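Tertiary structure, described
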Amino acid sequence: MNLTLKVWRQDGPEATGHMDTHALGGVSPDMSFLEMMDMLNDQIIRAGEEPVAFDHDCREGICGMCSMFINGEAHGPGRGVTTCQLHMRSFNDGDTIAIEPWRAQAFPVIKDLTVDRSAFDRVIQAGGYISVNTSGNTIDANAIPVPKEQADDAFSAATCIGCGACVASCKNASAMLFVSAKVSQFALLPQGQPERESRVQRMVEQMDKEGFGNCTNTGACAVECPKGIDLSNIARMNRDFMSATVKSKK
Amino acid sequence: MLDSKIPEGPLADKWTKYKDDIQLVNPANKRSIDVIVIGTGLAGSSAAASLAEMGYNVKALCFQDSPRRAHSIAAQGGINAAKNYQNDGDSVHRLFYDTVKGGDYRSREANVHRLAEVSTNIIDQCVAQGVPFAREYGGLLDNRSFGGVQVSRTFYAKGQTGQQLLLGAYSALSRQISKGKVDMLTRHEMMDVVMLDGKCRGIIARNLVTGELERHAAHAVVLATGGYGNVFFLSTNAMGSNVSAAWKAHKKGAHMANPCFTQIHPTCIPVSGEHQSKLTLMSESLRNDGRIWVPAKKEDADAIRNGTKKALEIAEADRDYYLERRYPAFGNLVPRDVASRAAKERCDAGFGVNKTGEAVFLDFASAINRYGKTEASIRGLSEPSTEEIVTLGKEVVKAKYGNLFDMYKQIAADNPYETPMKIYPAVHYTMGGLWVDYNLMTSVSGLYATGESNFSDHGANRLGASALMQGLADGYFVLPYTIGDYLANDIRTGAISSDSAEFEAAEKAVQERIDHLINNKGSKPVDDFHRRLGRIMWNECGMSRNEAGLKKAIVEIRALREEFWKDVRVPGNATSYNPELDKAGRVADFLEQGELMCMDALAREESCGGHFREEHQTPDGEALRDDENFAFVSAWEFVGDPSESKMIKEDLVFENIELKQRSYK
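Residues numbered from 1 in each chain as written. Chains lettered and ligands numbered in written order. Predicted model: local features only at pLDDT ≥ 70, side-chain atom pairs only at ≥ 80, totals over all residues.

1. Overview of the domain arrangement of chain B
All names here are of chain B. With domains assigned, chain B is organised as domain 1 (31–263 + 428–490), domain 2 (267–427) and domain 3 (501–651). For domain 2 and domain 3, the distance between their C-alpha centres works out to 34 Å. It is helix H10 (residues 336–351) that provides the largest number of residues to the side of domain 2 that touches domain 3, a total of five residues. Residues that form the side of domain 2 that touches domain 3 fall into these classes: one nonpolar, one polar and four charged. (Domains from an automatic or database assignment. Helix = DSSP H or I, 4+ residues; strand = E, 2+ residues; numbered from the N terminus. Nonpolar A, V, L, I, M, F, W, Y, C, P; charged D, E, K, R; others polar.)

2. Considering the packing of helix H5 (residues 176–187) of chain A against helix H8 (residues 232–248) of chain A
Residues and elements named next belong to chain A. It is the contact of H5 with H8, at a shortest axis distance of 8 Å, that shows an interaxial angle of 70 degrees. Accordingly, the angle class assigned to the pair H5 and H8 is roughly perpendicular. For the pair H5 and H8, contact is made by Met176, Leu177, Val179, Ser180, Ala181, Val183, Ser184 and Ala187 and by Asn233, Ile234, Arg236, Met237 and Asp240, respectively. A per-class count over the contact of H5 with H8 returns eight nonpolar, three polar and two charged. (Axes fitted to C-alpha atoms, helices over the stretch in contact; angles between N-to-C directions. Parallel < 35°, antiparallel > 145°, perpendicular 65-115°, else oblique. Contact = placed C-beta atoms within 7 Å.)

3. Digging into the domain arrangement of chain A
Residue and element names in this part refer to chain A. Each domain of chain A was delimited in the assignment, giving domain 1 (3–110) and domain 2 (118–248). Facing the 18 residues of domain 1 at the interface are 16 residues of domain 2. Per-class residue counts for the side of domain 1 that touches domain 2 are nine nonpolar, seven polar and two charged.

4. Observations regarding the packing of helix H15 (residues 526–541) of chain B against helix H16 (residues 547–567) of chain B
Residue and element names in this part refer to chain B. In contact at an axis separation of 9 Å, H15 and H16 are set at 170 degrees when each is read in the N-to-C sense. Here H15 is positioned roughly antiparallel relative to H16, judged by the angle of their axes. Contacts between H15 and H16 involve Phe529, Arg532, Leu533, Ile536, Glu540 and Cys541 from the first element and Gly549, Leu550, Lys552, Ala553, Glu556, Ile557, Leu560 and Phe564 from the second. By residue class, the composition of the contact of H15 with H16 is nine nonpolar, one polar and four charged.

5. Focus on the interface of chain B and chain A
You'll often see interface size given as the accessible area lost when the parts meet. The interface of chain B with chain A comprises 67 residues on the first partner and 66 residues on the second. At the level of secondary structure, the elements contributing two or more residues to the side of chain B that touches chain A comprise helix H3 (42–54), helix H5 (109–128), helix H6 (161–178), helix H12 (386–412), helix H13 (467–487) and helix H17 (579–603) of chain B. It is H6 of chain B that contributes the most residues to the side of chain B that touches chain A, nine residues altogether. Across the side of chain B that touches chain A, the residue classes break down as 27 nonpolar, 26 polar and 14 charged.

As structure tokens, then:
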């Protein structure tokens with residue numbers, strides 16, 4: 001396949017960015033999108049130029065590190081996949097492909113396609129945990145049965161990989177899907193109950209502080225989410241937040 | 001020479017007695033002690049969180065943009081624990097025994113027994129943290145079985161167990177970060193360890209975003225930096241996984257143990273072409289339900305390879321379920337090393353089933369049928385049609401392995417619900433690593449190694465679902481105790497200064513190496529060298545090894561290393577974000593580590609576990625150990641030049657297990 005690639009280049013958070021155009025030939029349909037990017041970088045390095053910086057690590061769709069906005073969609077045209085799992089057979093010979101970074105105020109560009117998503121870590125640090133020390137002397141794992149359905153729902157929420165596609169896809173750059181997934185995981189489990197109210201309040205407060213936008217229920221986040229995190233998590237978080245806020249004002 | 005510091009007494013009492021006897025550090029004193037943890041996978045996150053909870057001041061580093069992204073996240077199948085919830089005869093002793101046997105009797109009894117003892121605590125701890133393990137309808141935890149054992153002791157969360165466990169450890173770590181007890185440095189890489197008066201007292205780190213070098217002093221340093229499978233270029237490791245931290249420690253005096261013990265995982269998606277950047281694992285849990293086969297007739301294999309026949313057209317009688325044939329007792333659930341070699345044997349004999357001839361089938365048809373019948377019976381369907389059974393069976397298989405099947409479909413563009421998967425072995429894990437004593441301390445005072453970065457628990461072959469167990473055991477339950485025994489002597493030391501000549505010299509050496517790489521302006525990108533190294537390693541130090549090949553590899557690696565330093569091209573500069581520079585440093589270390597692996601493989605004149613020397617095999621092609629001469633750990637000491645490293649032996653003493661020819665027949 002022969003492709004024309006329009007790639008976002010930006011030297012740093014304060015620099016002005018621009019789109020660069022590259023022609024790339026000999027692309028195999030069996031390549032992953034990132035292997036195509038490796039090939040582009042090899043070509044750029046051999047020509048004596050600076051390669052395109054992009055985040056990636058596991059290349060099997062689970063670490064959440066890769067983050068490209070491809071032809072106007074987070075992680076490209078596929079559904080339920082990250083950029084690293086997208087294969088070139090999803091494109092056609094002669095295509096022009098536009099590749100941009102996640103764009104959100106809370107995710108400043110570090111270089112080219114690499115952005116800073118530490119805001120997500122700070123939201124988790126605000127309360128995305130159960131306060132239990134690692135004593136090894138907690139109660140037996142089977143002491144509290146958890147109905148399978150509830151455990152499965154908690155698991156589904158917990159599969160979020162923190163990639164930020166939800167934020168990148170949202171016209172308001174809202175992080176509601178990400179935050180609500182973690183809130184839901186613990187809200188659905190008996191172990192999460194003691195801190196349920198303070199957790200949702202602290203996490204939402206931090207989310208707002210980081211500069212993520214508001215949710216207007218368009219659902220773009222759930223469409224682009226590579227892990228299929230469900231919108232109902234947002235509803236659950238709203239409910240929990242409301243309930244916690246009312247109670248804490250007593 | 002090497003003191004493993006294994007406590008005296010009966011095996012089952014060692015750990016308890018040891019914990020009762022070691023020195024403790026009182027809470028007020030912990031506040032004045034600093035510990036650095038490198039890496040935030042299962043071992044690193046759990047260690048950093050636990051040490052911070054105990055009161056130490058912790059600094060944690062990871063090269064990724066968030067601690068949650070460490071490669072433990074990609075572990076699929078599960079985590080072992082001797083809970084015996086299934087009442088199938090499991091016990092601490094059995095887990096211990098299976099692990100030593102599975103490791104082909106090349107691990108330390110005391111370490112493995114301790115691992116089996118704390119395994120049950122891990123599950124309790126993780127459930128308390130909100131890790132959503134799979135459950136049965138009654139609300140209790142579900143288990144499945146894994147290769148090399150005859151009980152169901154594996155806890156899991158679909159095919160994403162590593163993710164859920166890591167997110168559990170990450171949440172514990174996040175809690176300590178929010179309390180200010182852990183200073184988390186992301187996008188930071190350790191460049192060297194710093195020694196003061198014979199003790200490890202800090203590190204030189206590089207901020208990967210700004211390129212700045214930083215000095216971090218501490219009373220002790222813990223490496224939790226994973227394995228070195230990427231020396232093969234193609235592996236199931238993440239792109240950034242590397243040996244550099246461990247290698248830098250090795251060059252400062254930490255011995256590297258059993259470096260040739262590499263695990264080649266039998267079920268990975270085969271290589272599709274020259275462009276391949278990494279390989280993807282299909283969890284071993286699939287072998288619970290998938291049957292592995294190749295055509296029994298060569299002409300069928302040829303026809304499949306050239307596309308004139310499909311798997312489904314091969315009649316049952318013309319299929320060779322070679323694992324079931326060769327190993328009736330364990331069948332498709334033989335340990336990884338055995339399954340991998342058996343696949344290679346069939347493919348080398350010309351029965352491979354993809355274009356490259358390097359693939360075998362993993363078939364779910366009988367599982368779909370079996371589950372479909374059970375499900376039909378549960379639903380009270382009388383005389384269900386074949387289609388109904390298949391539909392119901394597919395639903396069950398989807399619930400168990402859905403994400404793995406999706407992943408396969410995405411990569412291979414083939415539907416595994418309809419036609420068998422194609423799989424082939426790939427590099428997955430390294431049992432070798434930094435030598436540590438019972439305390440997990442390396443041969444350098446104050447420098448610890450945990451998880452995959454050490455060598456201690458898996459011998460020559462790791463059993464499935466044991467890596468997660470070891471990572472969390474080390475980080476949550478072992479290191480936090482053992483490090484106290486060392487740090488108790490440091491309560492009067494006070495803060496360590498990073499203004500010393502030693503820090504100065506270490507930083508200067510790091511800077512010089514970076515400058516060399518940047519200013520070299522050669523003609524070939526880093527990956528060019530990495531790929532070539534990988535090919536040498538895979539061909540000569542992969543699934544089977546022989547003397548001539550290893551000797552050839554050593555010569556080739558030396559030449560490649562020389563060429564690298566002359567001709568590598570690293571674009572950009574050292575004072576801004578430059579992933580190519582990061583990669584260059586890592587490949588430079590692989591080019592030294594690879595040679596040591598070959599030296600170790602050459603020295604070990606026996607076959608054991610993942611190390612198969614062609615000269616040493618039984619008449620039916622199984623690994624032939626030599627317990628008389630090789631029941632030892634080979635710990636390599638760096639003496640200034642990677643080619644000159646010296647081997648020191650730690651004899652392995654088996655007091656509780658009788659050494660036997662491993663048989664899964």
